[in-house]
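Residues per chain, in single letters:
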Amino acid sequence: MRILVTNDDGIEAEGLHALVRACERVGEVAVVAPHHDRSASGHAITLHKPLRAFPARIPGARAAAWAATGTPADCVLLAVYALLEARPDVVLSGVNLGPNIGHDLTYSGTVSGAMEAAILGIPAIAVSVDAEGEARYEVAAAFAAALAQEVHRRGMPADALLNVNVPNLEASRIRGVRVTRQSARRYRSRLERRTDPRGRPYYWLVGERAAAEADEPDTDSHALASGFVSVTPLQMDLTHTALRAALEGWPLQDLLPR
Ligand code: MN
């Protein structure tokens, strides 16, 4: 099994290194990752400047590795179309420092790396650990590597990917694995207004997660909070099926200028 590993925390991130080492136990690994932290870069790709990739080394691993100037999605494109001799069988993105649940998915570079693979028709897994500072990456990395084997064996529908979130617990304290759906977890965001040395205002986005009390038991956030690994199947098709049906009843033809 040929595995491509990427992330959004950058080539120097411990979570990436742990994932690469875990993947080397189950397959042949190559790494293309951003050369600095591209968290919250979403699914951006680079169109208006060159992409460069520099050889890199992953501590404790023998994998061929490159640090690239682009986003996680750029890294997957670079790997598949330029750097790798053979197309990967599975793409893993992570292990991200911090969960990717609810509305995080829209902003997440980690998830977008896996989405780019799904667009290219390659089975993909995004993996994150529910930690803020000290993270237990090894548990998440080992689970993701084992899941990659399962995905490789069983295959995945086109247009689909898996989003995995792992509690920041010792393996023996994790209660199990739940298949979940994306929660509606939101942030309480605000823009802090400050003044720069020249007296002009600038703004800095800050925010904390809103309370979890409304999370339903089948969601990613509820599983994590209960000590379970969350595995959410995602699809690239963003169509809202119920609203599509309702829209058929709107007088949209009448809105056209005549
Ligand atoms: Mn990140």
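See the structure shown above.
Definitions and limits used
Residues numbered from 1 in each chain as written. Predicted model: local features only at pLDDT ≥ 70, side-chain atom pairs only at ≥ 80, totals over all residues. Heavy atoms only, no water. Donors = N, O, S within 2.8 Å, 3.2 Å for Na, K, Ca; no water. Helix = DSSP H or I, 4+ residues; strand = E, 2+ residues; numbered from the N terminus. Buried < 20%, exposed > 50% of the residue type's maximum accessible area, 1.4 Å probe, protein only. Pairing = 2+ DSSP bridges. Axes fitted to C-alpha atoms, helices over the stretch in contact; angles between N-to-C directions. Parallel < 35°, antiparallel > 145°, perpendicular 65-115°, else oblique. Left-handed = near helix turned anticlockwise from the far one by under 90°. Contact = heavy atoms within 4.5 Å. Nonpolar A, V, L, I, M, F, W, Y, C, P; charged D, E, K, R; others polar.

### Structural notes on the coordination of the manganese ion
So, point 1. The coordination sphere of the manganese ion contains the protein donors Asp-8 (OD), Asp-9 (OD), Ser-39 (OG) and Asn-96 (OD1), at a distance range of 2.1 to 2.2 Å.
So, point 2. Read in sequence order, the donor residues coordinating the manganese ion give the pattern D-D-x29-S-x56-N. Placement of the pair is Asp-8 in the loop between strand S1 (2-6) and helix H1 (14-24) and Asn-96 in strand S5 (residues 90-97), with a sequence separation of 88 residues.
So, point 3. Of the residues examined, Asp-8 reaches a relative accessible area of 3% and is grouped as buried.
So, point 4. Owing to a relative accessible area of 7%, Asn-96 belongs among the buried residues under this scheme.

### Examining the pairing of strand S9 (residues 187-195)
So, point 1. As defined by bridge partners, S9 adjoins strand S10 (residues 201-209) across nine bridges and the pair is classed as antiparallel. The residue of S10 that forms the bridge with Tyr-187 is Arg-209.
So, point 2. Here S9 folds back onto S10 in antiparallel fashion, the turn holding five residues, of which Gly-199 has a positive phi close to 85°.

### Re the packing of H1 against helix H5 (residues 137-154)
So, point 1. The contact between H1 and H5 brings their axes to 8 Å, and the two run at 40°. In terms of axis orientation, H1 runs oblique to H5. In the crossing of H1 with H5, the sense of the turn from one axis to the other is right-handed. Across the interface between the two elements, Glu-14, Gly-15, Ala-18, Leu-19, Arg-21, Ala-22 and Cys-23 from H1 touch Tyr-137, Glu-138, Ala-141, Ala-142, Ala-144 and Ala-145 from H5.
So, point 2. For the contact of H1 with H5, a count of residues per class yields nine nonpolar, one polar and three charged.

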